[in-house]
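Structure assessment
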Amino acid sequence: MLKNYFKIAIRNLLKNKVYSSINIFGLAVSMSVCLLIILFVFDQRSFDQFHEQKDDLYRVIMDYTPSSESSGTWYATSPAELASILEQDYSGIQKATHVRASFGGEAKYSDETILRIDGLYAQPDFLELFDFDLIEGNRETALLNPGSLILKESAAKKFFGSEEPLGKTLTVLGDREYTVTGIINDDVRSHFKFEALASMSSIQPEESATGWTQHISYSYTYVLLSDGTEKADIESQIPAVIQGNFRETDHSSIAGLELQPLTQINLGQVLSNEIGTVIPGVVIWFLGAFVLIIILIASFNYITLTISRSVKRGKEVGVRKVLGAERTSVVKQFITESLLTTFIALIGAFLMLKLLVPEFNSLYIISQSGTQIETNVETNLSILIVFLGFSILMGFLAGIYPSLYLSKFKPASVLKGISDTGKASSGLLRKTVIVFQFSFTIIFIISAIFLYRQFEFMANTNYGFDDEHIVNVALQDVPYERFRQVISVSPSVKEVAGSSKIPALGSVSGMWVSSDSIPDRIRANSFQVDEHYLDVMNIPLAVGRNFNPQFGSDRFNSVILNKNAVKDLNLGSSEQAVGASLTVEETNYQVIGVTENFISSSPLQNNDPAIFLNNPDHFYYAIVKTNPGSTGSFLPFLKEQWYNLGSQYSIQYQIFDDQLQANPIVSVFSDFIKILSLITFFTILISCLGLLGMAMNSTENRTKEIALRKVLGASVRNVTLLLTKEYAVLIFIAIAIGGLSAFFLNNIWIKNISNSIDMDPAVFVIGFAGTIFIALCTVSWQAIRAAIVNPVESLRSE
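Here we take up the overall build of the protein. What the protein contains, in helices and strands, is 26 helices and 22 strands. Counting over 798 residues, the protein shows a buried share of 51%. Total accessible area computed for the protein in this model is approximately 36,100 Å², and 55% of it derives from carbon and sulfur atoms.

The subject of this paragraph is the layout of surface pockets. Volume-wise, the largest pocket comes out at about 680 Å³. For the largest pocket, the lining is made up of 25 residues, of which T277, P280, V283, I365 and V668 are closest to its centre. Of all the secondary-structure elements, those providing two or more residues to the lining of the largest pocket are α8 (281-308), α11 (364-368) and α22 (664-701). No other element matches α22, which puts six residues into the lining of the largest pocket. Within the lining of the largest pocket, the residues separate by chemical class into 19 nonpolar, four polar and two charged.

Following the criterion strictly, the structure yields 36 aromatic pairs and no others. Where F132 meets F194, the ring centres are 5.6 Å apart and the plane angle is 75°; that geometry is what we call edge-to-face. With F132 in the loop between α4 (126-129) and β5 (134-137) and F194 in the loop between β8 (177-184) and β9 (196-199), the pair connects residues that are 62 residues apart, well separated along the chain. Residue F132 is classed as buried on the basis of its relative accessible area of 1%. Ring pairing ties together the aromatic residues F50, F126, F130, F132, F192, F194 and Y222, which thus form one cluster. Just above the ring of F194 sits the side chain of K152; from NZ or CZ to the centre is 4.6 Å. Sitting above the plane of the Y178 ring, R176 keeps its charged end 5.9 Å from the centroid.

For N23, the location among the structural elements is in helix α2 (residues 17-45). Under the relative-accessibility criterion, N23 is labelled buried at 10%.

Take the sheet that holds strand β22 (residues 653-655) next. Taken together, the four strands give an open sheet; going across it, the order is β13-β21-β12-β22, and neighbouring strands pair in antiparallel fashion. Each of the sheet's edge strands pairs with one partner strand only, and the pair in question is β13 (493-499) and β22. The sheet shows a mean angle of 20° between the axes of neighbouring strands, direction not considered. Of the strand pairs in this sheet, strand β12 (residues 470-474) and β22 are connected by three bridges, and their pairing is antiparallel. Of the residues in β22, the one forming a bridge with N472 is Q654. Sheet contacts for helix α20 (residues 631-644): β12, β13, β21 (621-626) and β22; angle to β12, the most-contacted strand, approximately 15°.

Within β21, five of the six residues are buried, which leaves it mostly tucked inside the rest of the structure. Where β12 lies against β21, five bridges are found, and the strand directions are antiparallel. Paired with A474 across the two strands is Y621, which belongs to β21. One ladder, built from six bridges, connects β13 with β21; its direction is antiparallel. Bridge pairing links A497 to I623 in β21.

Moving on: α2. In a regular helix each residue adds 1.5 Å, so 29 residues correspond to 42 Å; α2 covers 40 Å between its end C-alpha atoms and thus fits that length. Among the 29 residues in α2, 22 count as buried, and that is most of the element.

Attention now moves to the state of the cysteines. Two cysteines, two sulfur atoms, one covalent bond between them: this is a disulfide. Counting across every chain of the model gives zero disulfides. In this structure C688 is not part of a disulfide, and its nearest cysteine sulfur, from C777, lies 9.2 Å away. C688 sits in the buried class, given a relative accessible area of 13%.

In terms of backbone geometry, most residues other than glycine have negative phi values and most peptide bonds are trans. Of note in this structure, N273 is not a glycine but carries a positive phi near 60°. Here N273 lies in the loop between β11 (253-261) and α8. Note on N273: relative accessible area 29%, which makes it partly exposed. Positive phi outside glycine occurs at N538, with the angle close to 55°. Relative to the elements of secondary structure, N538 occurs in the loop between α16 (533-537) and β16 (541-544). Among the residues examined, N538 registers a relative accessible area of 42% and is labelled partly exposed.

This part takes up helix α7 (residues 238-245). Burial in α7 covers these residues: I238, V241 and I242. Across the axial projection of α7, the buried residues extend over an arc of 95°, all falling on one side. The outward face of α7, more than 90 degrees from its buried face, is lined by the exposed residues P239 and G244. Along its buried surface, α7 packs onto α3 (82-89), α6 (231-235) and β11.

Enumeration over the complete set of coordinates arrives at 14 salt bridges. Residues R189 and D43 are paired through a salt bridge, measuring 2.3 Å at the closest nitrogen-oxygen approach. Remark: D43 occurs in helix α2 and R189 occurs in the loop between β8 and β9; sequence separation between them is 146 residues. We classify R189 as partly exposed; its relative accessible area is 29%. Judged by its relative accessible area of 11%, D43 falls in the buried class. Between R59 and E274 there is a salt bridge; the shortest N-O distance is 3.1 Å. Of this pair, R59 sits in strand β1 (residues 57-65) while E274 sits in the loop between β11 and α8, and the two are 215 residues apart along the sequence. Of the two residues, R59 and E274, neither departs from the other in class, the shared state being buried.

Reading the values: rules and limits
- Residues numbered from 1 in each chain as written.
- Predicted model: local features only at pLDDT ≥ 70, side-chain atom pairs only at ≥ 80, totals over all residues.
- Heavy atoms only, no water.
- Helix = DSSP H or I, 4+ residues; strand = E, 2+ residues; numbered from the N terminus.
- Buried < 20%, exposed > 50% of the residue type's maximum accessible area, 1.4 Å probe, protein only.
- Areas by Shrake-Rupley, 256 points an atom, 1.4 Å probe, with all protein chains shown as cover.
- 1 Å grid on protein atoms, 1.4 Å probe; cavity = no way out; pocket = protein on both sides within 12 Å on 5 of 7 lines; lining within 4 Å.
- Points joined across faces, edges and corners; volume = space filled by probe spheres on them.
- Nonpolar A, V, L, I, M, F, W, Y, C, P; charged D, E, K, R; others polar.
- Phe/Tyr/Trp six-rings, centres within 6.5 Å; stacked < 30°, edge-to-face > 60°.
- Lys NZ or Arg CZ within 6 Å of the ring centre and 35° of its normal.
- Pairing = 2+ DSSP bridges.
- Axes fitted to C-alpha atoms, helices over the stretch in contact; angles between N-to-C directions.
- Contact = heavy atoms within 4.5 Å.
- Expected span 1.5 Å × (residues − 1).
- Disulfide = S-S within 2.5 Å.
- Arc of directions from axis to C-beta.
- Salt bridge = Lys/Arg side-chain N within 4 Å of Asp/Glu carboxyl O.

Structure below.
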């Protein structure tokens, strides 16, 4: 019987080529996106699976409120001494180790080229807990002594080429000499991101300051539970750990500690201070929601097209039942057809997947995490089995309702021609599906337009300062005044300023500021600058004066605010703010000037308060303003003078305009636009295919009616309007639902961004007009085809 089911299923697919093609293509498109997400989940779940004790390994995460924040956040980091406390004083923990993510910088081998190396400090027992493949060296002693260094194979080749690396010495600039004591195999999938592991004992004594908040932003704790110990057993002891060791100090406090399974770090909860770029599980929910919508749209297409053709299949069912077929056999026949359709669609989806994977890998968040999904999935048997299982599941889900619906027809009624199955063509299900599909189409179109406009707005936003003809140079070990003196002699240089931070790149320092006019202190973005900074950046002073090196007090108790800070501190007008007294991090200051507002932290925010102080000890960057058209000629001079300045580091500089264009926030928005645009395209495509199929079926069922209307004098225009009127009503209902949904959804993120576009009604008009045009073109094309058919031919065929 199974062979017979497949034979009949193939015949029906070939007999109805157009409808079969619509179903197969729609399912293939939706399945290709879903297969991509399956591959992505497979890739992420493969992380940290190579550790033999992975089921008993956990990372300790904390709910922490630093002194710089007013509320707690979950962090991947924890106090540096937590590992030793847990191992020594609490039962159930077999081993605990501490990892510190602050090793690295520029390094050199002998007098060769300086290269950058990044890695972790680790304790000797790190290699006891984690089964990294140490292909050279001794696991027990490789991290035991100060100055010990384990390199990954790629890092060893980078520094030593074909030379034997073991025993060689690397000098990390600004740190010390390290001896290579081991080599680790690169070919592992781990959430640890490092080129090198340095022994924890290499840290200088002065860097091992006391106090549990010291190094808390880059220290990680991992524990190995004893046999028979459950996660809950350890977490029940957490309150005592916190109470006994980590009491609140300087407004910093720990509200909770939890154990996070090692294999659930990737695709886990969102945490601050991750050890590398880890993709949180919310990304899967985000992508999965879009995929589910596409799958539902494609599945509903299959269901409605199958049921819409129930008039033609009804007699087949009737004959089968008259000849003795039971309802279960009819269900099996239609399920077989559905499974065959999805299996063919799986082949098409597999081909589309080859095109989607490279684009997916190019997304900013994916590339930053180190994830690179392979396209040669046909060599992975487990993935192929999952793909096949997914197609079977989708075929069953798509075919179960139509098979149950069609199998319930009564043979006597169907064969007499008095069945009411034709009502399915214009039934509630078909109308609901059209409204559902095009509602989502409208939401995606409008959202994609809003995101693109926000992306363009950020890319061309007025930052409130000049970003052209500026080169930002990291001073490293070069004194600012000496750099300024040497560089200023270039005819290409207009001015040089010193600063602690570069604005608008998403990374800022903050200070607590309070005034007598507000009950609580505020957090302001702080910039340590000299008297040239405002002129170089062209940040205009609204009132007051700039820093003046002739006034010694400017260095110790004078500040400049922007207008947002004046407002948040409730100092009145800008004029009234000048001369006001403030407390900045427990020190008294006086306001000497107020600048216009500018974007200090992120291109998404233009309402942040900012404060300028004058402290040369914190000048980490030199801001070089070049004359227009002179940047290109200035850079060779900069490189030449850098080496004359005697720095042990290689020069690090960036053109400010390029930095702003490469802002990670802008890149993430670009990712959203790519994803949403692809989803929008697929949604429109699948919805139009379904609408076309239903329109074709509707015109087929009304062939005789159309012919009689034309014989009685109806024009092509009359017939076309008749056939499109019903669909036009449904599209307008979808516009109402989709438009309201798009308004509320987009209003949420726009309201939470201060530097955002407006809710422009023109976007909705464009979305509505585009949807109407696409839908009516799809229906009208089929309606016109039916209207221009010679009525004589239609009546003769009847």
